[in-house]
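Structural description and commentary
Chain residues, written in single-letter form:
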Amino acid sequence: LGLSLEFKTADDPTLALSKYGAFLYENLIIFSPSVEEFGGSINVAAITEFIDSGRNVLVAGSSDIGEPLRDLAAECGLEMDEEKTAVIDHINYEKRDEGYHNLVVVKPKANLIDAPVIVGNNVNTPLLYRGLGLTVDNDNPLVMKILSGSLSSFSYFPDERVKENPLAMGQNTVLIAAMQARNNARAVFCGSLDFFSDEFLHSSVQVTYPKERTYETSSNERLAVSLAAWTFKKNGVLRYKNIRHHKIGETEDARFYTVGDELEFSVDIEELVNGKWVPLTREDVQLEFVRIDPFVRVTMNRSSNPITFKARFKVPDVYGVYQFKIDYLRLGYTHLYSSTQISVRPLEHTQYERFILSAYPYYASAFSMMFGVFIFSFVFLHYRPNDKDKKD
């Protein structure tokens, strides 16, 4: 991924995420699930502040989970099961399982999130998982399930009989979850440290259900690399530049528009793919022309330059202060928001139509009245009664 790593133990007394008010790192990996207390100045509050600053965290747990990681997960809208619990599946388990059925085989087609920007396109063989289960709040729009258990999975103590409802059952058993905050910070939680181990990354997979089958390698390595790239913002990051708008037929940006003008708006949008900026390939970017509420909403089209998106529309016949607004939020991508203010003024008195076709009857009425008054005035002023009749 092109990142430089610094390794430290969880109880190192020199641990620190910031110094003199500045953060020392952009990303944090916590692969110490059983830690009960971090060394140095690191604690749950410090890691939360690290995320609040827009930075990223990758956390792996296990059945020996400590309270600090459970508290950190709770801060991110997740819940990790208790210590000593594990995800159990009596149907989808690996043939080399030791009898507890907690060496779980997860089939990506049914249980992996449909988001190639997060998980990649090459996760096509089963995954190996051994660890505890998580749950997420389905009403939380910031949290997403990356990998879920099968319908027959649940999270409980492997060496005990089930006497009460487990924390998670079926596809509510989350194995890997992610949170992308409103500041685009990313935090990924996996309940299995073994998921990232060399043993699981390069191991073959022996499936027992619905029929025995052996896969040469698991997809753990491919998913782990894709997850790390997404977590550390090597993928799925959007940016915009070069906002331009003008009347159709002109090239210079307008300072204001008049009601009824035809205008064109264009913007360059890029996405980060494997650490390189490339044109955004999606076709669902929308532009809104807003004055309190959207008066216009159009889907932008790609121009001859693949990086540029354009939209044309007619300015509404209501004057005021408007905004060109792009508010693009899609699964796996950072939130792209742009707002550009512009004034729309009414027509000048010289711009109104002189004669309106629908008003012709009123024009005829006015001129006929003028003509009638003229005839009446002419007759009234020039009529002279006969003097003879007057003497009589």
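The structure under discussion appears in the preceding block.
Quick summary incoming for the structure in this document. Since the model is a prediction, treat every value here as computed from it, not as a measurement.

Moving on: the overall build of the protein. If you tally the helices and strands in the protein, you get eight helices and 25 strands. Taking 2.2 N^0.38 as the reference for a compact globule, 392 residues should give roughly 21 Å; the C-alpha atoms of the protein span a radius of gyration of 35 Å, well beyond that estimate. Viewed in the frame of its principal axes, the protein has a C-alpha envelope of about 140 × 55 × 40 Å. In the protein, which comprises 392 residues, the proportion classed as buried is 46%. Long-range contacts, defined here as pairs at least 24 residues apart, represent 68% of the contacts in the protein between residues at least 6 apart. Looking at the protein as shown, the accessible area adds up to about 22400 Å², and 51% of this sits on carbon and sulfur atoms. Measuring between centres, the 41 positive side-chain charges of the protein sit 11 Å from its 52 negative side-chain charges.

In an α-helix, one turn spans 3.6 residues, which is why side chains three or four residues apart end up on the same side. Where helix 2 (residues 67–75) is concerned, the buried positions are Pro68, Leu69, Arg70, Leu72 and Ala73. Packing partners of the buried residues in helix 2 comprise strand 3 (27–30), helix 1 (44–52), strand 4 (56–60), strand 5 (78–80) and strand 13 (186–190). Where helix 2 terminates, the next one or two residues include glycine 77, which has phi positive at roughly 85°.

A few words on unusual backbone geometry. If you check the backbone angles, tyrosine 20 has positive phi at about 55° while not being a glycine. Taking relative accessible area as the criterion, tyrosine 20 reaches 78% and is therefore assigned exposed. If you check the backbone angles, histidine 101 has positive phi at about 60° while not being a glycine. Tracing the sequence through the fold places histidine 101 in the loop between strand 6 (86–89) and strand 7 (104–106).

What follows deals with the sheet that holds strand 24 (residues 320–328). Strand order across the open sheet formed by five strands is 17-25-24-20-21, with mixed pairing between neighbours. Sheet topology places strand 17 (256–258) and strand 21 (293–299) at the edges, where each strand pairs with a single neighbour. Each strand of the sheet is rotated relative to its neighbour by a mean of 30°, with strand direction disregarded. Note that strand 20 (residues 286–291) and strand 21 share six bridges and pair antiparallel. Directly across from valine 290, in strand 21, lies its bridge partner proline 294.

A surface patch of like charges, here negative, comprises Glu49, Asp52, Asp71 and Glu75. Judged by relative accessible area, glutamate 75 falls into the exposed class, the value being 53%.

Here the focus is the nonpolar core. With 90 residues, the main nonpolar core has Ile47, Ile146, Ile176, Phe189 and Phe195 as its most contacted residues. With six residues, the single largest contributor to this core is strand 12 (residues 174–180). Here isoleucine 146 is in contact with Asn111, Leu112, Ile113, Ile118, Val119, Ile176, Ala177, Ala178 and Leu227, once residues within four sequence places are set aside. Judged by nonpolar contacts, the second largest core, of seven residues, contains Leu103, Leu128, Val205 and Tyr215.

Reading the values: the criteria
Residues numbered from 1 in each chain as written. Predicted model: local features only at pLDDT ≥ 70, side-chain atom pairs only at ≥ 80, totals over all residues. Heavy atoms only, no water. Helix = DSSP H or I, 4+ residues; strand = E, 2+ residues; numbered from the N terminus. Rg over C-alpha atoms; globule rule 2.2 N^0.38 Å. Buried < 20%, exposed > 50% of the residue type's maximum accessible area, 1.4 Å probe, protein only. Contact = heavy atoms within 4.5 Å. Areas by Shrake-Rupley, 256 points an atom, 1.4 Å probe, with all protein chains shown as cover. Lys, Arg positive; Asp, Glu negative; His and termini not counted. Charge placed at Lys NZ, Arg CZ, Asp CG, Glu CD. Pairing = 2+ DSSP bridges. Axes fitted to C-alpha atoms, helices over the stretch in contact; angles between N-to-C directions. Patch = residues over 30% accessible without salt bridge, like charges linked within 9 Å, V, L, I, M, F, W, Y side chains within 5 Å. Salt bridge = Lys/Arg side-chain N within 4 Å of Asp/Glu carboxyl O. Core = buried A, V, L, I, M, F, W, Y, C linked by side-chain atoms within 4.5 Å.

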